[in-house]
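Structural features, examined
Residues per chain, in single letters:
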Amino acid sequence: MTEVHETCDVLVAGSGSAGLAAALHSSASGLSTLVLERTGLVGGTTATSAAAIWIPANHHAAAAGLSDNRERAITYIRAAAPEGWRETEDALWQSFVDEAPNMLAFLERETPLRFSLMNEADPHLDKAGAMTFGRMLSPAVLRKGLTGPYARILRRPTLPHLFTFPEMLDLDPLHHPIRAAFKMWPRLFWRWLAGARGMGTALVTGLLKGCLDHGCRIALDTRAVAPILEGESVKGLVVESAGRTRNILARKGVVLATGGFEWDAGRRERYFPGHCDFLGSPSGNDGDAHRIATAAGAQLVHMDQANITAGLPIHASHRPFGLSYFFQEPNAIIVNRHGRRFVNEYRFNLGEVIDERDPSTHQALHLPAWLVSDQTLLKNSPIVRYFAARNPEWIKRGQTIEALAKATGLPVDELIRTVERFNVSCTSGVDEQFHREIRILDAEKTTSERSHLSPIAKAPFIAIPFNRTIVSTKGGPRTDAGGRVLRPDGSWVEGLYCAGVAMANPFGTWAVGAGTTLGPNMTWGYICAKSIISEQG
Ligand SMILES: Cc1cc2nc3c(=O)[nH]c(=O)nc-3n(C[C@H](O)[C@H](O)[C@H](O)COP(=O)(O)OP(=O)(O)OC[C@H]3O[C@@H](n4cnc5c(N)ncnc54)[C@H](O)[C@@H]3O)c2cc1C
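The written sequence of each chain sets the order in which its residues are numbered from 1. Only residues with pLDDT of 70 or above have their local features reported here, since the model is predicted, and side-chain atom pairs are shown and tallied only from 80 upward, although totals for entire chains, interfaces and linings are computed over all residues. Side-chain metrics in this entry use all non-hydrogen atoms of the structure; hydrogen atoms and water are not considered.

1. Things to note about the nonpolar core
We count it as follows: Here, nonpolar core refers to any group of buried Ala, Val, Leu, Ile, Met, Phe, Trp, Tyr and Cys residues whose side-chain atoms link them within 4.5 Å. Exposure categories follow from relative accessible area, calculated using a 1.4 Å probe and restricted to protein chains: below 20% of the type maximum is buried, above 50% is exposed, and the middle band is partly exposed. For the purposes of this entry, the term helix denotes a DSSP run of H or I that reaches at least four residues, the term strand denotes a run of E that reaches at least two, and both are numbered from the N terminus. The contact criterion used is simple: two residues touch if any of their non-hydrogen atoms lie within 4.5 Å.
Counting residues in hydrophobic clusters, the biggest one holds 87 residues, and the most contacted among them are Leu11, Leu36, Ile77, Leu107, Leu237, Leu256 and Leu496. Among the elements that take part in this core, helix α4 (residues 85–110) stands out by supplying ten residues, more than any other. Contact partners of leucine 36, with chain neighbours within four places excluded, come to Leu11, Val12, Ala13, Gly14, Ser15, Ala219, Thr222, Ala224, Leu237, Val239 and Ile248.

What follows is the structure, given as structure tokens:
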């Protein structure tokens, strides 16, 4: 007999986007809900994020008169997906598309969160079903104080979230911090005084406020470590807290939402062999959901998928500043270990290409890779300058391209050839290799004359490591379209659900738009709770 220390209806492990969305839905439906959070802070990676969410066929788009709908969204996802995904993921995509708009409306009904559409097109505009506007949203600022004493234990972002995401894009404070602050100062000053914040801080504030309002409890410094099994069903979780082990039963269901496994060095090396610069999540994200689900008989899939970018060297915890496009500069190119360019540097989701593998060996094809540029990048990018000053070893320098090649270990002749070829493109205005001069701007797919081509010519030349920064891995327990965790034979591990980047994500390293992680994460949390609610009748 298992000694029972506590009982609730729904037990959620993890207080990020997926966990809080699941907890919000179950507690709003009257189920007693307990969220376990391994660290002393609420919000996980989500609280540090930019909080862009991709939600097709949403009510804001409908109010703006846009003609998005379920079929169009599914057509787009199917068209954008790499070969082989549709066979296993189609049912999950359909479930996501069905529930994402409901989830968004539910958030705005049950929490103080308010979203607005961002002026962003789907990145794969050449695919059927793509929209030039209407699927990407971001939250307005919220006062952290709405959560009462919890305001002090919201996980903080690397830089304060004083701007909203649209303001970040419009004002570009990463390149022009003084100009942006000058334009916004009355509002920024008010936000600073009032403790009002945007992006991930606003998202977690709103989700948490909704959960607390519905009576959901949060247990901090409490780590889920194992399933409580009765026969083959999951009945609760064994947790560790303050040096004690306790058993918590869940009458209706357990939702695993503990984030990715990127901080498990063994698994990371196994599924992402080769160069990795930084990790983008809190260090507690080391795959507990994966261990718990496996102990309950689950099948793990998509383990080599992740949200990948290139990061900046934040001190101490090695977190990147994040998805700032510090690398998309007119006078910068990305070269592979052979000293050759391998991608259009302005491409959406560069991580997908950084992580390209040799199909037979599964080793990274391009790594170690480098961002090669010159003095002008440092002059134009205060954020890179700042981190370079704090981390003298981070950037390699050379008075000539030859010296730079020697400093990085790249082949000298090849790097000289690559830079010369790129500089010729800058003179002609045509990047014959990757057509970086062309950028899809709007519905008419017109192209910009605005140059993304500026020569790498001003010594000292610089090279920045450009390997994987893993924000979150995206493989995990396979689920059905209702978030139920499945065994290898396809049967359900009764009582167990999984959401967010902990689950075998139906969107892997590839992405359908900015916000492909958080929009689906919250939707899967919502779906898990919906399944639990409906299974109880
Ligand atoms: C700077 C930055 C910007 C980003 N911007 C965007 C964006 O604009 N749009 C987008 O879609 N994505 C974005 N991302 C990615 C996105 O934030 C993450 O993929 C997402 O937050 C993961 O959500 P999650 O709920 O699955 O996990 P998390 O938010 O990481 O939450 C998991 C939680 O589980 C806890 N936990 C771990 N183990 C246990 C355990 N055993 N028991 C209890 N709790 C446990 C962790 O401590 C953590 O709090 C960004 C990421 C970064 C770093």
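2. Observations regarding the state of the cysteines
What we call a disulfide is simply a covalent bond connecting the sulfur atoms of a pair of cysteines. Which entries qualify depends on this criterion: Only a pair of cysteine sulfur atoms within 2.5 Å qualifies as a disulfide here.
One pass over the full model with this rule turns up zero disulfides. No disulfide involves cysteine 216; its nearest neighbouring cysteine sulfur is the one of cysteine 211, lying 4.5 Å away.

3. As for the site of the ligand
Rule in force here: Nearness is judged by heavy atoms alone; a residue qualifies as near a molecule or strand once a single heavy atom is within 4 Å of it. Pairs of N or O atoms within 3.5 Å make up the polar contacts considered here, provided that, within protein, one atom can donate a hydrogen while the other can accept it, and that residues adjacent in sequence are counted only when both atoms are side-chain atoms. All accessible-area figures derive from a Shrake-Rupley calculation using a 1.4 Å probe, and residue coverage is judged against the displayed protein chains alone. Polarity classes work like this: nonpolar for Ala, Val, Leu, Ile, Met, Phe, Trp, Tyr, Cys and Pro, charged for Asp, Glu, Lys and Arg, and polar for all others, with Gly in that last group.
Lining the immediate environment of the ligand, one finds 41 residues, of which Glu37, Thr45, Thr46, Asp288 and Leu518 sit closest. At a separation of 2.9 Å, a nitrogen atom of the ligand approaches a polar backbone atom of alanine 52. Within the backbone of alanine 224, a nitrogen or oxygen atom sits 2.9 Å from a nitrogen atom of the ligand. Here the ligand has 1000 Å² of accessible area as a free molecule, and 97% of this is covered by the chains. If you list the elements that add at least two residues to the shell around the ligand, you get α1 (17–28), β9 (222–230), β19 (468–473) and α15 (518–535). Here the shell around the ligand takes three residues from β9, the largest share from any one element. Here the shell around the ligand is built from residues that sort into twelve nonpolar, 25 polar and four charged.

4. Focus on the sheet that holds strand β17 (residues 396–398)
Through backbone hydrogen bonds, the strands of a sheet pair up, either in parallel or in antiparallel fashion. Defined as follows: Here, any two strands with at least 2 DSSP bridges between them count as paired. Between the N-to-C directions of two axes lies an angle of 0 to 180 degrees, each axis being a line fitted to C-alpha atoms and, for a helix, fitted only over the stretch in contact.
Judged by pairing direction, the sheet is antiparallel, and its four strands sit side by side in the order β15-β16-β18-β17 without closing on themselves. Only two strands of the sheet have a single partner each, and these edge strands are β15 (333–335) and β17. On average, adjacent strands in this sheet sit at an angle of 25° to one another, irrespective of strand direction. Strand direction decides the pairing type here: β15 and strand β16 (residues 370–373), joined by three bridges, are antiparallel. Bridge pairing links isoleucine 333 to valine 372 in β16. Of the strands in this sheet, β16, β17 and β18 (461–465) touch helix α13 (residues 401–408), which is tilted by about 150° from β17.

5. Looking at the pairing of strand β1 (residues 6–13)
Burial within β1 is extensive, with seven of its eight residues counted as buried. Relative to strand β11 (residues 244–256), β1 is paired through seven bridges, and the arrangement is parallel. By the bridge assignment, valine 10 is partnered in β11 with glycine 253. Sheet topology places β1 next to strand β2 (residues 33–36); four bridges connect them, and they run parallel.

6. Let's talk about the sheet that holds β19
Judged by pairing direction, the sheet is mixed, and its three strands sit side by side in the order β12-β19-β14 without closing on themselves. A single partner strand is all that each edge strand has here, and the edge strands are β12 (276–279) and β14 (306–309). Here the strands of the sheet are splayed against their neighbours by 35° on average, with no regard to which way each runs. Looking at chain direction, β14 and β19 are connected through four bridges and run antiparallel.

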